[in-house]
Amino acid sequence: MYRELLFGGAEIESDKANLGLAILRVIAGLSMAFGHGIGKIPPSAGLVAGTAKLGFPLPEFFAWAAAFGEFGGGLMLALGLLTRPGTALMGFTMLVAAFGVHAADPFGVKEMALLYLAIAVMFLLVGSGKYGVDACIRSRLDRS
């Protein structure tokens, strides 16, 4: 059960489909990590205050969680390592960004958070694909 949660994924036979997943995974993951997450480590006073304004208890902890969700989750997605837990963190962060931080904003402002949320949900359901670290770990676990 834990193996499936941590390293599982759909068995996709097509090499082209797996290559497409890998390209999307690497570009989206690195974009999230280095375009959005790295600047939040360590969380600024503004991020902590914004987290408190959203009503989260322990705003410093949740500001760190958001930063890790973007940076760490993005790196995990790019590598295809612990893809499901990583995208769960990233997806929750994007859910809060889209419907908490940008709730009153026009669609164009929340669009990027929604796109990253959709990508996170897709990889949460499908897994990393054939060309990720998770697939290598699954292969080794299957042999033992």
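This structure is a prediction, so every number in the text was calculated from the model and none was measured. (Residues numbered from 1 in each chain as written. Predicted model: local features only at pLDDT ≥ 70, side-chain atom pairs only at ≥ 80, totals over all residues. Heavy atoms only, no water.)

Caption draft 1: Just the nonpolar core, in detail. The biggest cluster of nonpolar side chains holds 15 residues, and the ones touching the most others in it are Leu77, Met90 and Met94. Counting residues per element, this core draws most heavily on helix H6 (residues 107-126), which supplies seven residues. The contact partners of methionine 90, leaving out residues within four places of it in the chain, are Met32, Gly69, Gly73, Gly74, Leu77, Tyr116 and Ala120. (Core = buried A, V, L, I, M, F, W, Y, C linked by side-chain atoms within 4.5 Å. Buried < 20%, exposed > 50% of the residue type's maximum accessible area, 1.4 Å probe, protein only. Helix = DSSP H or I, 4+ residues; strand = E, 2+ residues; numbered from the N terminus. Contact = heavy atoms within 4.5 Å.)

Caption draft 2: Seen up close, the environment of glycine 50. Looking at the element boundaries, glycine 50 is found in helix H3 (residues 45-53). Here the alpha-carbon distance between glycine 50 and alanine 63, two residues 13 residues apart in the chain, equals 8.5 Å.

Caption draft 3: Representation of the pattern of salt bridges in the model. If you walk through the whole model with that rule in mind, you get four salt bridges. Residues arginine 84 and glutamate 4 are paired through a salt bridge, measuring 3.2 Å at the closest nitrogen-oxygen approach. One end of the pair, arginine 84, is in helix H5 (residues 83-101); the other, glutamate 4, is in helix H1 (residues 2-7), and 80 residues separate them in sequence. In this structure glutamate 4 comes out as partly exposed when scored by relative accessible area, which is 43%. (Salt bridge = Lys/Arg side-chain N within 4 Å of Asp/Glu carboxyl O.)

Caption draft 4: A look at unusual backbone geometry. Put simply, isoleucine 41 and proline 42 share a cis peptide bond, and its omega is -10°. Mapped onto the elements, proline 42 comes out in the loop between helix H2 (15-37) and H3. Although it is not a glycine, leucine 58 adopts a positive phi angle of roughly 50°. Take leucine 58: it is sitting in the loop between H3 and helix H4 (59-79).

Caption draft 5: Spatial organisation of the packing of H4 against H5. For the pair H4 and H5, interaxial distance at closest approach is 8 Å and the crossing angle is 140°. By the criterion of interaxial angle, the relationship of H4 to H5 is oblique. Relative to H5, the crossing made by H4 is left-handed. Of the residues in H5, those in contact with Ala65, Ala66, Phe68, Gly69, Glu70, Gly73, Gly74, Met76 and Leu77 of H4 are Thr83, Gly86, Thr87, Leu89, Met90, Thr93 and Met94. The class makeup of the residues in the contact of H4 with H5 is eight nonpolar, seven polar and one charged. (Axes fitted to C-alpha atoms, helices over the stretch in contact; angles between N-to-C directions. Parallel < 35°, antiparallel > 145°, perpendicular 65-115°, else oblique. Left-handed = near helix turned anticlockwise from the far one by under 90°. Nonpolar A, V, L, I, M, F, W, Y, C, P; charged D, E, K, R; others polar.)

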